[in-house]
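Secondary and tertiary structure notes
In case you want the letters, here they are:
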Amino acid sequence: MKEFVIEEIKRHCGKVRVLNKGWCHFVYHHMHYLYMPDDSNGMIRISIPHVVDSREYNKDMVDAAVNETNREVKFIKAMVLNNGSISLNYDHRISNGENVNEIVEHIIKTLYIASEYLVLKLKTK
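Residues numbered from 1 in each chain as written. Predicted model: local features only at pLDDT ≥ 70, side-chain atom pairs only at ≥ 80, totals over all residues. Heavy atoms only, no water.

**Examining the packing of aromatic side chains**
Scanning the entire structure with this criterion turns up four aromatic pairs. Plain terms: the ring middles of Phe 26 and Tyr 33 are 5.0 Å apart, the flat faces sit at 20° to each other, and that makes the pair stacked. Classification of Tyr 33 by relative accessible area gives buried; the value is 0%. Judged by centre distance (6.1 Å) and plane angle (85°), the ring pair of Tyr 28 and Tyr 33 falls under edge-to-face. An aromatic cluster is present here, built from Phe 26, Tyr 28, Tyr 33 and Tyr 112 joined pairwise through their rings. When the ring centre of Trp 23 is taken as origin, the NZ or CZ atom of Lys 21, which lies over that ring, is 5.4 Å away. (Phe/Tyr/Trp six-rings, centres within 6.5 Å; stacked < 30°, edge-to-face > 60°. Buried < 20%, exposed > 50% of the residue type's maximum accessible area, 1.4 Å probe, protein only. Lys NZ or Arg CZ within 6 Å of the ring centre and 35° of its normal.)

**Remarks on the environment of Leu 81**
The residue Leu 81 is located in the loop between β5 (76-80) and β6 (85-93) in this model. A relative accessible area of 32% means that Leu 81 is categorised as partly exposed. Residues Leu 81 and Glu 116, spaced 35 residues apart in sequence, show a C-alpha to C-alpha distance of 18 Å. The contact partners of Leu 81, leaving out residues within four places of it in the chain, are Pro 49 and Ser 87. (Helix = DSSP H or I, 4+ residues; strand = E, 2+ residues; numbered from the N terminus. Contact = heavy atoms within 4.5 Å.)

**Some points on the packing of helix α2 (residues 59-72) against helix α3 (residues 100-124)**
For the pair α2 and α3, interaxial distance at closest approach is 9 Å and the crossing angle is 145°. Remark: the crossing between α2 and α3 carries right-handed chirality. Counting all contacts with α2, which are made through Met 61, Val 62, Ala 65, Val 66, Glu 68, Thr 69 and Glu 72, the residues of α3 involved are Ala 114, Tyr 117, Leu 118, Lys 121 and Leu 122. Partitioned by chemical class, the residues of the contact of α2 with α3 number eight nonpolar, one polar and three charged. (Axes fitted to C-alpha atoms, helices over the stretch in contact; angles between N-to-C directions. Left-handed = near helix turned anticlockwise from the far one by under 90°. Nonpolar A, V, L, I, M, F, W, Y, C, P; charged D, E, K, R; others polar.)

**Some thoughts on the sheet that holds strand β3 (residues 31-35)**
Pairing between the strands of a sheet is mediated by backbone hydrogen bonds and can be parallel or antiparallel. A sheet is described by the order of its strands in space; here six strands give the open sequence β1-β2-β3-β4-β6-β5, paired in antiparallel fashion. Of all the strands in the sheet, the pair left with one neighbour each is β1 (17-18) and β5. The sheet contact formed by β3 and strand β4 (residues 43-53) spans two bridges and is antiparallel. What sits directly across from Tyr 35, in β4, is Ile 46. Across the sheet, helix α1 (residues 2-13) lies against β2 (24-28), β3 and β4, angled at about 25° from β2, the strand it touches most. Sitting on the sheet, α2 is in contact with β5 and β6, with an inclination near 165° to β5. (Pairing = 2+ DSSP bridges.)

**A few points about α1**
Between the first and last C-alpha of α1 there are 16 Å, a value that for 12 residues agrees with the 16 Å anticipated at 1.5 Å per step. Turning to α1, its buried residues are Val 5, Ile 6, Glu 8, Ile 9 and Cys 13. Down the axis of α1, the buried side of the element spans an arc of 160°, and every buried residue falls inside it. Exposed side of α1, more than 90 degrees from the buried face: Glu 3, Phe 4 and Arg 11 are the residues found there. Next to the buried residues of α1 lie β2, β3, β4 and α3. (Expected span 1.5 Å × (residues − 1). Arc of directions from axis to C-beta.)

Bear in mind that shape data such as this cannot, by itself, settle questions of function.
The following block contains the structure:
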């Protein structure tokens with residue numbers, strides 16, 4: 001499945017760079033993404049590891065924006081990392097009969113929408 005996911009990412013985003021552990025880095029609308037293949041090949045896990053630096057904002061604003069993003073953008077998990085980065089993650093377990101092409105496109109676009117939503121919430125609070 002990993003090869004199908006990478007080919008679909010290439011189709012939507014162009015270049016894909018393979019990193020350690022078989023992870024892949026790619027860019028979509030100027031945002032840096034990571035595809036982290038699952039060893040069991042049953043999970044598609046894609047992340048935007050750094051949307052913004054939370055230390056540039058008030059902690060209460062960050063907490064509110066992260067919580068609201070988690071509530072309002074389905075399937076996304078926003079979190080503040082130890083280094084201060086706010087990351088967005090999307091995990092999807094593949095079921096029989098699912099179209100990997102459609103799922104990968106959906107994940108990439110949903111993460112992008114969530115990043116825009118999060119940034120907007122931080123700038124308007």
